[in-house]
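Secondary and tertiary structure notes
Chain by chain, the residues:
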Amino acid sequence: MPIQPILSPALTPIPHGFLGRQGGVSTGLYAGLNVGLGSDDERAAIIENRRLAAAAVAPAARLVTLHQVHSAEAVMVAEPFADDARPHADALVTDRPGLLLGILTADCVPVLLADARSGVVGAAHAGWKGAIAGVTDATIAAMERLGANRDRIAAAIGPCIGRASYEVDEAFLGRFAAADPGNERFFRDGRRAGYYQFDIEAYVVARLAAAGIVRIEALGLDTYADEARFFSYRRATHRGEPGYGRQISLIAVPG
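The structure reproduced in this document is the subject of the present report. Note that the coordinates shown come from a computational prediction; the quantities given were computed from them, not determined experimentally.

1. Describing the overall build of the protein
For the protein, the helix and strand inventory stands at six helices and 13 strands. Against the 2.2 N^0.38 benchmark of 18 Å for 255 residues, the protein shows a C-alpha radius of gyration of 17 Å, consistent with a compact globule. Projected onto its principal axes, the C-alpha coordinates of the protein cover approximately 50 × 45 × 30 Å. The 255 residues of the protein split such that 51% are buried. Of the contacts made within the protein by residues no fewer than 6 positions apart, 65% connect residues no fewer than 24 positions apart. Total accessible area on the protein stands at roughly 10,900 Å², and carbon and sulfur atoms take up 50% of it. Charge separation in the protein, taken as the distance between the mean sites of 25 positive and 28 negative side-chain charges, equals 2 Å.

2. Details of the state of the cysteines
Throughout this description, disulfide means a covalent bond between two cysteine sulfur atoms. Within this structure, the stated rule accounts for zero disulfides. Free cysteine Cys-108: the closest other cysteine sulfur is in Cys-160, separated by 9.1 Å. Given the relative accessible area of 19%, Cys-108 is considered buried.

3. Looking at the environment of Glu-73
Here Glu-73 shows up in the loop between β2 (62-64) and β3 (74-76). Setting aside anything within four residues of it in sequence, one finds Glu-73 in contact with Ala-89, Asp-90 and Ala-91.

4. Focus: the side chain of Thr-94
Structurally, Thr-94 can be placed in strand β4 (residues 91-94). Engagement of the side chain of Thr-94 in a polar contact is seen with the backbone oxygen of Val-77, the distance being 2.7 Å. If sequence neighbours within four positions are ignored, Thr-94 has contacts with Val-77, Leu-99, Leu-101, Gly-119, Val-120, Val-121, Leu-146 and Val-253.

5. Some remarks on the packing of aromatic side chains
Taken as a whole and judged by the stated rule, the model has 14 aromatic pairs. When the centroid spacing of 4.9 Å and the interplanar angle of 50° are considered together, the rings of Phe-176 and Phe-198 count as tilted. In this pair, Phe-176 is assigned in helix α4 (residues 170-179) and Phe-198 in strand β11 (residues 195-198), connecting sequence segments 22 residues apart. Of the two residues, Phe-176 and Phe-198, both sit in the buried class.

6. Here we look at the sheet that holds strand β5 (residues 99-105)
Taken together, the four strands give an open sheet; going across it, the order is β1-β13-β5-β2, and neighbouring strands pair in mixed fashion. What marks the edges here is a single partner per strand, and that holds for β1 (16-18) and β2. Ignoring strand direction, the axes of neighbouring strands in this sheet form an average angle of 25°. Where β5 and strand β13 (residues 247-252) come together, six bridges link them in antiparallel fashion. Residue pairing in the sheet places Thr-105 in a bridge with Gln-247 of β13. Packed onto the sheet, helix α1 (residues 43-57) meets β1, β2, β5 and β13 and runs at close to 40° relative to β13.

7. Side note on the sheet that holds strand β9 (residues 167-169)
Across the sheet, which stays open at both edges, the three strands sit in the order β9-β11-β10 with antiparallel pairing between neighbours. Edge positions in the sheet fall to β9 and β10 (187-189), since each of these pairs with one other strand and no more. Within this sheet the neighbouring strands show an average axis-to-axis angle of 45°, counted without direction. As judged from the three bridges shared by β10 and β11, these two strands associate in the antiparallel manner. Note on β11: the bridge partner recorded for Phe-187 is Phe-198. Lying over the sheet, α4 contacts β9, β10 and β11, oriented at roughly 85° with respect to β9.

8. Some thoughts on the packing of helix α3 (residues 135-145) against helix α5 (residues 200-210)
At their nearest, the axes of α3 and α5 sit 9 Å apart, and the two run at 40° to each other. In terms of crossing hand, the pair formed by α3 and α5 is right-handed. Across from Thr-136, Asp-137 and Ile-140 in α3, the residues of α5 making contact are Val-204, Arg-207 and Leu-208. Looking at the contact of α3 with α5 residue by residue, the classes come out as three nonpolar, one polar and two charged.

9. So, the pattern of salt bridges
Applying the stated rule across the entire model yields nine salt bridges. In this structure, the salt-bridge partner of Arg-207 is Asp-137, at a minimum N-O distance of 2.8 Å. A residue pair is termed long-range when its members are at least 10 positions apart, and Arg-207 in helix α5 and Asp-137 in helix α3 qualify at 70 residues. Residue Asp-137 is classed as partly exposed on the basis of its relative accessible area of 28%. Residues Glu-241 and Arg-239 are paired through a salt bridge, measuring 3.8 Å at the closest nitrogen-oxygen approach. We classify Glu-241 as partly exposed; its relative accessible area is 30%. What emerges from the salt-bridge pattern is a single network uniting Glu-227, Arg-239 and Glu-241.

Reading guide: rules and limits
Residues numbered from 1 in each chain as written. Predicted model: local features only at pLDDT ≥ 70, side-chain atom pairs only at ≥ 80, totals over all residues. Heavy atoms only, no water. Helix = DSSP H or I, 4+ residues; strand = E, 2+ residues; numbered from the N terminus. Rg over C-alpha atoms; globule rule 2.2 N^0.38 Å. Buried < 20%, exposed > 50% of the residue type's maximum accessible area, 1.4 Å probe, protein only. Contact = heavy atoms within 4.5 Å. Areas by Shrake-Rupley, 256 points an atom, 1.4 Å probe, with all protein chains shown as cover. Lys, Arg positive; Asp, Glu negative; His and termini not counted. Charge placed at Lys NZ, Arg CZ, Asp CG, Glu CD. Disulfide = S-S within 2.5 Å. Polar contact = N/O pair within 3.5 Å; in protein donor to acceptor, adjacent residues only side chain to side chain. Phe/Tyr/Trp six-rings, centres within 6.5 Å; stacked < 30°, edge-to-face > 60°. Pairing = 2+ DSSP bridges. Axes fitted to C-alpha atoms, helices over the stretch in contact; angles between N-to-C directions. Left-handed = near helix turned anticlockwise from the far one by under 90°. Nonpolar A, V, L, I, M, F, W, Y, C, P; charged D, E, K, R; others polar. Salt bridge = Lys/Arg side-chain N within 4 Å of Asp/Glu carboxyl O.

Printed below as a string of structure tokens:
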């Protein structure tokens with residue numbers, strides 16, 4: 001099956017794409033386009049999948065990814081670095097043509113950002129820890145240090161776990177309510193007493209809007225619910241599976 005990147009009109013004409021699991025050479029639990037270097041998939045398959053993913057979005061660019069740690073750290077990238085020298089961070093930005101920024105997810109929120117006029121792009125991995133800590137704010141600030149203007153930055157949110165699939169306990173809700181009582185609007189009663197359904201996509205949209213980003217597109221694609229298209233950490237955990245794949249979201253400065 002050919003790789004078909006999911007595109008966002010908000011980012012057009014910047015080279016970008018949200019990729020799922022379709023395409024690729026991995027088999028078994030990781031069947032499809034698993035790009036996770038931290039998974040137990042065959043290393044050769046992962047490397048080939050990363051090559052195929054990059055070729056589907058920006059064939060002439062060098063792929064750059066991170067060792068993601070659920071932080072609010074954003075790094076500026078001026079040149080490629082080796083896979084075994086990836087910075088421990090959760091967002092990266094650049095103004096250099098020829099670099100393809102990649103964020104890996106398997107339920108967390110991938111955010112791609114671009115100021116087309118300034119030629120500055122960014123990509124952020126927003127799990128709940130990074131989201132509440134401000135990873136998107138850090139990404140925007142790093143883009144501004146490269147000459148972007150947040151009034152011009154467009155942002156797109158790719159496939160992530162949907163509210164209907166994301167049940168959390170009362171302590172989890174309490175963390176967000178303690179940070180801002182208004183965050184309770186992103187939760188609704190769950191199917192069990194004492195549990196809630198969390199809309200992390202809407203939360204990230206709100207964080208971007210509060211930071212001054214005017215053009216925001218949320219694709220509304222639930223990774224947990226659509227096994228044919230996406231990997232999901234939570235789905236694999238609920239099934240007791242020993243591993244899970246990761247999909248990638250990509251963006252580059254036009255060359």
